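Each chain, letter by letter, is given below.
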Amino acid sequence: MRVVKNSAIAKVFSDIADLLEIKGEIPFKIRAYQKAARAIDHLPTEIEQMVKEGGDLKDIPGVGEAIAKKITELVTTGKLHYYEELRAEFPEGISTLLDIPGVGPKIAIRLCNELGINTIEDLEGAILDGRVASLPRLGDKVAENILRQIQAMRTKERRIPIGEALPVVEDIMAELRQNPDLRNLTPAGSLRRFRETVGDIDLMGTTDDRERILDAFVGLPQVKEVLAMGGTKASILVPGDLQIDLRLVDHDSFGSLLQYFTGSKQHNIALRERGHRQKLKLSEYGITDLESGVIDKFTTEEAFYERLGLQFIPPELREGQWEVERAEQNAIPRLIEPGDLKGDLHLHTQWSDGHDSIESIALAARARGYQYIAITDHSAGRGIARGLNEERLRRQIIEIRELNERMDGFRILAGIEVDIRADGTLDLPEDLLAELDIVFAAVHSAMNQEQDKMTQRILRAIKNPHVHVLAHPTCRLLGEREPIRADLEAIFRAAAETNTALEINAMPSRLDLKDIHAFRAKELGVKLIIATDAHSSSQLDLIRFGVGVARRGWCEAKHILNTSPLEDVEAFLKHR
Ligand SMILES: [Zn+2]
Ligand SMILES: [Zn+2]
């Protein structure tokens, strides 16, 4: 979904006017575009909305038949053929610079001809070293504005890890919900589908008092900048340069609108194609029977899917893969939910690099309703100062056994996150590993090994009879470190064969395994564990990010080991 704002439409027409002027076209034609650009820029309503509602664009002063057609093309496709062609008549550098809001053809040509600027990077450099400001009739203010526009463009391209975005959005939603006039407030888009990174955030809701809710939204204390404000929608920028849009919609179409704005695009295309075969036309406002012309509106998404003869499809599955066919066969499973989890099995304490004592993290876990946890501090080989050597690990095991005597109806498993050395051997002696309840093995060093060597290294660890779980199998850090190179298919098969569990590490910077890998591992019969890798009690809450990944990987409770009661977990660990 591309949002075409009035200001962007106005810029296109004003660019056209300038380009025509540079070409020496007749003034009459040029003035028509200038007039339209000005009118659009000052319009109080969003043109996008007018087009969607079938309003007559010719009502806008200065807009005739030809320009109305161009506006419609621009709003519905995001592009205007005539404008593209006109730009193509000029050098490529000029055309590139025109993509920046605030840079029109006249400035673009001067930047190109007088400073030799051809790319956005060139331009940024020339602004920073003062060359742009020194051009006659440009000055500091124009230069500064262009720089801001470039930075805003970059922000738009940037995607933010869901772990950063979700808490910010939830804070904002909690504040908005204080307003009793606002109902059905929910995020749409990739956040609702729980993708690992998100772009702009779309919030949706219904209300009888749009003006008041939008005022409250743009007046939130988190607002850094109000990007747009219309009759039904407002956009704000909050710290972290996250753009959040709030769209207030009609209650009787809420279900189909939420469905539409949740996407994904591929999922919606699959639905539209299915509708087409049933002689139904889908839109964000409802479903139209093409034979009778009657439009059905939907207050809930459930009713929308039902009208198409489909089982409800959870947002996390809406990626346009095979979810529509499965829904048709009533074969969408009940996905795992946070409440299914009975314990967290990957936790660090003060004994290595964590912040809390074993007892305090155990109490926090019990307070969440968990029945068990595992303490899995680091082994010493990792080189961090506080990794456990043999002697300290033996002492830790004793402390855990003592704590268990005191904890009623709750069990602490003694474990370790042992390093897999570069050759695939483990960092602690086997007789000691044999004493532990649970052993996680993980790669923390020599991550640049070539694929074959890395695969052999991990396979060796998986085949070690003392290893129960492979932690964060690909070692990626979102946006920071690429995954290790390893043959995951071979690793999944070996894990299935040896009954070694694989972790879905819920730490938002990891999310490892990721969704498609969790799906594949599950298909191959691998047992999965969702764990936080928490280094403090407060991080126990991060488990939901792992659950989101598992849901996107079509995992049900039965695929996840730590949804089982303690006896079954212990049976699995012993069986290994
Ligand atoms: Zn680790
Ligand atoms: Zn860890």
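Criteria and cut-off values
- Residues numbered from 1 in each chain as written.
- Chains lettered and ligands numbered in written order.
- Predicted model: local features only at pLDDT ≥ 70, side-chain atom pairs only at ≥ 80, totals over all residues.
- Heavy atoms only, no water.
- Donors = N, O, S within 2.8 Å, 3.2 Å for Na, K, Ca; no water.
- Tetrahedral: all angles 85-135°; square planar, octahedral: opposite > 155°, others 65-115°.
- Helix = DSSP H or I, 4+ residues; strand = E, 2+ residues; numbered from the N terminus.
- Buried < 20%, exposed > 50% of the residue type's maximum accessible area, 1.4 Å probe, protein only.
- Pairing = 2+ DSSP bridges.
- Right-handed = clockwise from strand over helix to strand, strands pointing away.
- Expected span 1.5 Å × (residues − 1).
- Domains from an automatic or database assignment.
- Contact = heavy atoms within 4.5 Å.
- Axes fitted to C-alpha atoms, helices over the stretch in contact; angles between N-to-C directions.

**What to know about the coordination of the zinc ion (ligand 2)**
The coordination sphere of the zinc ion (ligand 2), as far as protein atoms go, consists of His346 (NE2), His348 (NE2), Glu417 (OE) and Asp533 (OD), spread over 2.1 to 2.2 Å. One can describe the donor arrangement at the zinc ion (ligand 2) as irregular, given that its four donor atoms subtend angles of 82 to 169 degrees at the metal. When the donor residues of the zinc ion (ligand 2) are listed from N- to C-terminus, their spacing reads H-x1-H-x68-E-x115-D. Between the zinc ion (ligand 2) and the zinc ion (ligand 1), a spacing of 3.5 Å is present, and a bridge between the two is formed by Glu417. Remark: Asp533 occurs in the loop between β17 (528-531) and α23 (543-552) and His348 occurs in the loop between β11 (343-347) and α17 (358-367); sequence separation between them is 185 residues.

**Let's talk about the coordination of the zinc ion (ligand 1)**
Within the first shell, the zinc ion (ligand 1) binds the protein through Glu417 (OE), His444 (NE2) and His472 (NE2), at distances of 2.0 to 2.2 Å. Taken in chain order, the donor set of the zinc ion (ligand 1) reads E-x26-H-x27-H. The buried category is assigned to Glu417, whose relative accessible area is 0%. Looking at His444, the relative accessible area reads 14%, which means it is buried.

**Some points on the pairing of strand β14 (residues 438-442)**
In summary, the side chains of a regular strand alternate between the two faces of the sheet. Within β14, five of the five residues are buried, which leaves it mostly tucked inside the rest of the structure. Along β14, one buried face is formed by Ile438, Phe440 and Ala442 and the opposite face, lined by Val439 and Ala441, is buried too. Pairing between strand β13 (residues 411-419) and β14: five bridges, direction parallel. Bridge assignment links Gly415 to a residue of β14, and that residue is Ile438. Crossover handedness for the path β14 to helix α20 (residues 451-463) to strand β15 (residues 469-470): right-handed.

**Examining helix α2 (residues 27-41)**
Along an α-helix, residues three or four apart share an orientation, since each turn contains 3.6 residues. Taking 1.5 Å per residue as the helical rise, α2 with its 15 residues ought to reach 21 Å, and the 21 Å between its terminal C-alpha atoms agrees with that figure. By the burial criterion, the buried members of α2 are Ile30, Tyr33, Ala36, Ala37, Ala39 and Ile40.

**Thoughts on the domain arrangement of the protein chain**
Here the protein chain is described as being made up of domain 1 (6-157), domain 2 (160-249), domain 3 (253-328) and domain 4 (338-575). When each unit is reduced to the centre of its C-alpha atoms, the spacing between domain 1 and domain 3 is 36 Å.

**Points about the sheet that holds β15**
Spatially, seven strands are ordered β11-β12-β13-β14-β15-β16-β17 in an open sheet, and the strand pairing comes out parallel. Looking at which strands have only one partner, the edges of the open sheet turn out to be β11 and β17. Pairing of strand β16 (residues 501-505) with β17 involves four bridges; the strand directions are parallel. Residue pairing across strands places Leu502 opposite Leu528, the latter belonging to β17. Packing of helix α18 (residues 390-406) onto the sheet brings it into contact with β12 (372-375) and β13, and relative to β13 it is tilted by some 160 degrees. The sheet strands contacting α23 are β11, β16 and β17, and the helix crosses β17 at an angle near 145 degrees.

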